[in-house]
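Residue-level listing of the chains:
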Amino acid sequence: MSLQPFVKWAGGKRQIMNHLLKLKPKKFRHYYEPFVGGGALLLELAPIHATINDSNKELIYVYRCLRNKRLFNKMYALCKEHEEKHSEEYYYQIRNLDRKKTAYAKLPTYVKAARCLYLNKACFNGLFRVNSKGQFNVPFNGKERINCFTEENIQSLHKYFHKRKPVILSKDFQEAVKTAKAGDFVYFDPPYDVVGEQSFTSYTTGGFGKEEQTRLRDVVKELTEKGVLVMASNANTEFIRDLYKDFNIHTIEARRNINSKGDGRGKVEEVIITNY
Ligand SMILES: C[S@@+](CC[C@H](N)C(=O)[O-])C[C@H]1O[C@@H](n2cnc3c(N)ncnc32)[C@H](O)[C@@H]1O
């Protein structure tokens, strides 16, 4: 059963998957992915025991619906409705649901999850981006017809999540790994250290600056002391190399093609850090 990410996510890991698979530990108990995003590595490994987390609540609603049969069926039906009603006007109607904060907060999980899948497929460049008020602000992609998912993949995802019942959280990364024990494996894929102005870091409100990178490194140190196996991805910057100088740093080449202007496609160096 091959599982594919259900969203195109900034920082998606498909480009460097071979390196991640080579560098991951051979054996581990419980898998943790505290910045799960589209979950490329999670889905590649399809672990039996897992805890996933992302501060982006919209994305987490989709994972919750994939795990629960009743929610999955409702999300599925609503996605089909979105596909049928799809037009530019409809797109903005659905996109703007979050403009009324209180009413939006009260919507059922499956409604927000279906909205997330629909917007991800109908928005320009397939990005999930919010403004400073936390409102989804990507314009329409102009396509006449869209599919919220591919049938085979969404069914396989539902099968996996329903069977394995991973723990699904939407907290800060530090909280999400509190339960990790010796022999467990944590893969950190945070928003990357910013090299130039164009780096895409607005997944959710609240950026991920140097202080956050340093806090993450400290969490890696604590986990290392506990005997937890840790792998982390980041940009190949002087700042990151210095932060992780006490760990193993593997430099790799990646192809990247997400930025706000759609240019800047090309090869960049990244690092994969391991404590084993
Ligand atoms: C580089 S992306 C992860 C990409 C993912 N591995 C993939 O394959 O699609 C980083 C993720 O971290 C989340 N994030 C940002 N700050 C966070 C925090 N403090 N705690 C938890 N998640 C956070 C973002 O919402 C985003 O989804």
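Conventions we followed
- Residues numbered from 1 in each chain as written.
- Predicted model: local features only at pLDDT ≥ 70, side-chain atom pairs only at ≥ 80, totals over all residues.
- Helix = DSSP H or I, 4+ residues; strand = E, 2+ residues; numbered from the N terminus.
- Contact = placed C-beta atoms within 7 Å.
- Domains from an automatic or database assignment.
- Near = placed C-beta within 6 Å.
- Nonpolar A, V, L, I, M, F, W, Y, C, P; charged D, E, K, R; others polar.
- Axes fitted to C-alpha atoms, helices over the stretch in contact; angles between N-to-C directions.
- Parallel < 35°, antiparallel > 145°, perpendicular 65-115°, else oblique.
- Buried ≥ 20, exposed ≤ 12 C-beta atoms within 10 Å, placed from the backbone.
- Pairing = 2+ DSSP bridges.
- Right-handed = clockwise from strand over helix to strand, strands pointing away.

Caption draft 1: View of the overall build of the chain. Each helix and strand in the chain was counted, giving 11 helices and seven strands. Overall size of the chain, expressed as C-alpha extent along the three principal axes, is 55 × 40 × 35 Å. For the chain, long-range pairs separated by at least 24 residues make up 74% of all intrachain contacts whose partners lie at least 6 apart in sequence.

Caption draft 2: Region of the structure containing the domain arrangement of the chain. What the domain assignment lists for the chain is domain 1 (14–55 + 170–274) and domain 2 (62–151). Each of domain 1 and domain 2 was reduced to a C-alpha centroid, and the two centroids are 27 Å apart.

Caption draft 3: Region of interest: the site of the ligand. Near the ligand there are 22 residues, and of these G11, F35, G37, G38 and A40 occur at the shortest range. Its residues placed into classes, the shell around the ligand shows nine nonpolar, nine polar and four charged.

Caption draft 4: Quick peek at the packing of helix α3 (residues 57–67) against helix α4 (residues 69–85). In contact at an axis separation of 5 Å, α3 and α4 are set at 120° when each is read in the N-to-C sense. Here α4 runs oblique to α3, going by the angle between their axes. Where α3 approaches α4, its residues R64, C65 and L66 are matched on the opposing element by L71, F72 and M75. By residue class, the composition of the contact of α3 with α4 is five nonpolar, no polar and one charged.

Caption draft 5: Quick look at the pairing of strand β5 (residues 229–235). The buried fraction of β5 is high, at seven of seven residues. Relative to β5, strand β4 (residues 185–188) is paired through four bridges, and the arrangement is parallel. If you follow F185 over to β5, its bridge partner there is L229.

Caption draft 6: The pairing of strand β2 (residues 50–53), seen in detail. On β2, burial covers both faces: A50 and I52 on one face and T51 and N53 on the other are all buried. Relative to β2, strand β1 (residues 31–33) is paired through three bridges, and the arrangement is parallel. From the neighbouring strand, Y31 faces β2, where its bridge partner is A50. Assessed by its sense of winding, the connection that carries the chain from β1 through helix α2 (residues 40–45) to β2 is right-handed. Pairing geometry for β2 and strand β3 (residues 167–169), over three bridges, is parallel.

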